[in-house]
Amino acid sequence: MKKASILFCVSFCSLLLVNCRSGLVTMTNGCTKTIEAGKADNQAGNYSAAVDQFDQVLKKCDAYDAKEQANAGKAEAYNGLKQYSDALAAANEGLKVNKTSVDNLFQKANAELGLKMNADAKADFSQIIDLTQKNRNTKDRATIYAKIAEIDLKQNMYSDAMNNVETAISTDNTNADFYILKGDIYTAQNDYKNASSAYDQAISYGASNTKAWNAKIEAEVNFYQQKYSTGSNAADLAGKMSAADKKALCSDISKARSNGVKNANLDLLRASICKQ
């Protein structure tokens, strides 16, 4: 009877291999500490050190969850180093351990973006959304929608891009980067008025958001270049702008500078257009 029970358990585990693996092999404290050290290195931008940490885990740790996490961490580090082929290889190794690993899918998609494999990246991000339908971490889900919107924007699929960024914002309306992306989508369609409004929303979440200020000023300049039919020559634009438009632009340039924006083009504009 005892022998039969053992055989049944072995047979059951062979049918449900993924579930039995995590129960048969658990991560040691040493492996856990090395993984946490690698994650800390990634967080700090010490990507080469992170790769070394995760390589140690993959060499010394046999637990399936250790291998899954180590490959995801290694892929993240390689993405940070912009070694996208290596990142893709590491993420794929992690997916061999667990084909529904969200962390490895996320790093795989980011690597594919770096390799300009946009269709593959979009498919992976969509899979993550399907896998995390019940995930209460709305900020993570919002980030995925924003990533898909970025891909749509690169492919000039403006309607899809706007739908996805709006979904990101409705899921997490406190992320300034989402409003910047929304502004970028409007800018790509030469809709500078709505772009400027979106950048203003981003700035409202942090007045010192230099990325948002840079985007806003660039959108304003593009608008005025279009309005006055000028090229990129600042002096030419200055000679055609009305006093009211100069005052509006110069006010924003001054605000941008006071909030930490340092940009040679901004200084040139200020010198050419904002003369007293």
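Within every chain, residues take consecutive numbers counted from 1 along the sequence as written. Where totals are concerned, whole chains, interfaces and linings use all residues; where local detail is concerned, this predicted model gives features only for residues with pLDDT of at least 70, and gives and counts side-chain atom pairs only at 80 or more. Side-chain metrics rest on all non-hydrogen atoms present in the structure, leaving aside hydrogens and water.

## Some points on helix α13 (residues 210-227)
(1) Moving on: Look at α13: 25 Å from first C-alpha to last across 18 residues, which is about the 26 Å you get at 1.5 Å a residue.
(2) Moving on: Listed as buried for α13 are A212, W213, A215, K216, I217, A219, E220, V221, Y224 and Q225.
(3) Moving on: Structurally, α13 contributes buried residues whose contacts are with α11 (176-188), α12 (192-204), α14 (234-240), α15 (243-258) and α16 (264-273).
(4) Moving on: A positive backbone phi angle near 55 degrees is found at S229, which sits one or two residues after α13. Counting from the N terminus, the helices are DSSP H or I runs at least four residues long and the strands are E runs at least two residues long. Multiplying 1.5 Å by the helix residue count minus one yields the expected span of that helix. The cut-offs for exposure are 20% and 50% of the maximum accessible area for each residue type, with area from a 1.4 Å probe on protein chains only; residues under the lower value are buried, those over the upper are exposed, and the others partly exposed. When checking whether two residues touch, look at their non-hydrogen atoms; a contact exists if any pair is within 4.5 Å.

## Some points on the side chain of S196
(1) Moving on: You can see S196 is positioned in helix α12.
(2) Moving on: On the basis of relative accessibility, which here comes to 13%, the residue S196 falls in the buried class.
(3) Moving on: When residues no more than four places from it in sequence are discounted, the contact partners of S196 are K216 and E220.

## A closer look at the packing of α13 against α15
(1) Moving on: Here the axes come from fitting lines to C-alpha atoms, over the contacting stretch only for helices, and the angles between their N-to-C directions go from 0 to 180 degrees. One way to put it is that α13 packs onto α15 with a least axis distance of 10 Å and a crossing angle of 165 degrees. In terms of orientation, α13 lies roughly antiparallel with respect to α15. The two elements α13 and α15 cross, and the hand of that crossing is left-handed. Across the interface between the two elements, W213, K216, I217, E220, V221, Y224 and K227 from α13 touch D245, A248, L249, D252, I253, K255 and A256 from α15.
(2) Moving on: Residues were grouped as follows: Ala, Val, Leu, Ile, Met, Phe, Trp, Tyr, Cys and Pro as nonpolar; Asp, Glu, Lys and Arg as charged; and all remaining residues, including Gly, as polar. Here the residues of the contact of α13 with α15 are counted per class, giving 8 nonpolar, no polar and 6 charged. Orientation is classified from the angle alone, with under 35 degrees giving roughly parallel, over 145 giving roughly antiparallel, 65 to 115 giving roughly perpendicular, and any other angle giving oblique. Crossings are assigned a handedness: left-handed for a near helix turned anticlockwise from the far helix by less than a right angle, right-handed for a clockwise turn.

## So, the confidence of the model for the protein chain
(1) Moving on: Of the residues in the protein chain, 89% reach a pLDDT of 70 or more, and the chain-wide mean stands at 86.
(2) Moving on: The element-level mean pLDDT for the protein chain is lowest in helix α1 (residues 2-15), coming to 36, with helix α6 (residues 84-97) highest at 97.
(3) Moving on: In the model, residues 1-24 has pLDDT below 50 throughout and makes 4 contacts with residues more than four positions away in sequence or in other chains. Known as pLDDT, the predictor's confidence for each residue is given on a scale from 0 to 100.

## A look at the packing of helix α10 (residues 158-171) against α11
(1) Moving on: Interhelical geometry of α10 versus α11 gives an angle of 165 degrees and a closest axis separation of 10 Å. With respect to α11, the axis of α10 lies roughly antiparallel. Note on packing geometry: the crossing formed by α10 with α11 is left-handed. Contacts between α10 and α11 involve Y158, A161, M162, V165, E166, A168 and I169 from the former and F178, Y179, L181, K182, I185, Y186 and A188 from the latter.
(2) Moving on: Within the contact of α10 with α11, the residues separate by chemical class into 12 nonpolar, no polar and 2 charged.

## Points about the pattern of salt bridges
(1) Moving on: A pairing counts as a salt bridge when a side-chain nitrogen of Lys or Arg comes within 4 Å of a carboxyl oxygen of Asp or Glu. Throughout the structure, instances matching the rule amount to 13 salt bridges.
(2) Moving on: Between K139 and D172 there is a salt bridge, with the nearest N and O atoms lying 3.6 Å from each other. Residue K139 is found in helix α9 (residues 138-154), and its partner D172 is found in the loop between α10 and α11; the two are separated by 33 residues along the sequence.
(3) Moving on: Taking the shortest distance from any N to any O, the salt bridge between D245 and K227 comes out at 2.8 Å.

## Quick notes on the state of the cysteines
(1) Moving on: The term disulfide is used for any two cysteine sulfur atoms that are within 2.5 Å. Scanning all chains against the criterion turns up 2 disulfides.
(2) Moving on: Disulfide pairing is shown between C31 and C61; the S-S distance is 1.9 Å. Every disulfide takes its handedness from the sign of the S-S torsion; for C31 and C61 that torsion is -105 degrees, giving left-handed. Of this pair, C31 sits in helix α3 (residues 29-44) while C61 sits in the loop between α4 (47-60) and α5 (64-80), and the two are 30 residues apart along the sequence. One exposure class covers both C31 and C61, and it is buried.

## Quick notes on the layout of surface pockets
(1) Moving on: In this model, the largest pocket occupies a volume close to 460 Å³.
(2) Moving on: Lining of the largest pocket is provided by 18 residues; of these, V102, D103, F106, Q107 and D140 occupy positions nearest its centre.
(3) Moving on: Along the lines of polarity and charge, the residues of the lining of the largest pocket split into 5 nonpolar, 8 polar and 5 charged. Think of a 1 Å grid over the protein atoms and nothing else: a 1.4 Å probe that fits but is trapped marks a cavity, an open set flanked by protein within 12 Å on at least five of seven lines marks a pocket, and residues with an atom within 4 Å of a point count as lining. Grid points are joined across faces, edges and corners, and a volume is the space filled by probe spheres set on the points.

## Some points on α6
(1) Moving on: Here α6 spans 20 Å end to end across 14 residues, near enough to the 20 Å set by a 1.5 Å rise per residue.
(2) Moving on: Within α6 the residues assigned to the buried category are A87, L88, A90, A91, G94, L95 and V97.

## Thoughts on the nonpolar core
(1) Moving on: Counting 54 residues, the largest nonpolar core has F125 and I273 as the members making the most contacts within it.
(2) Moving on: With 8 residues, the single largest contributor to this core is α9.
(3) Moving on: Leave out the neighbours within four places in its chain, and I273 touches A234, L237, A238, M241, K246, L249 and C250.
(4) Moving on: Membership of the second largest hydrophobic core comes to 15 residues, among which are I35, V51, C61 and Y78. Nine residue types can take part in a nonpolar core, namely buried Ala, Val, Leu, Ile, Met, Phe, Trp, Tyr and Cys, and a core is a set of them joined through side-chain atoms within 4.5 Å.

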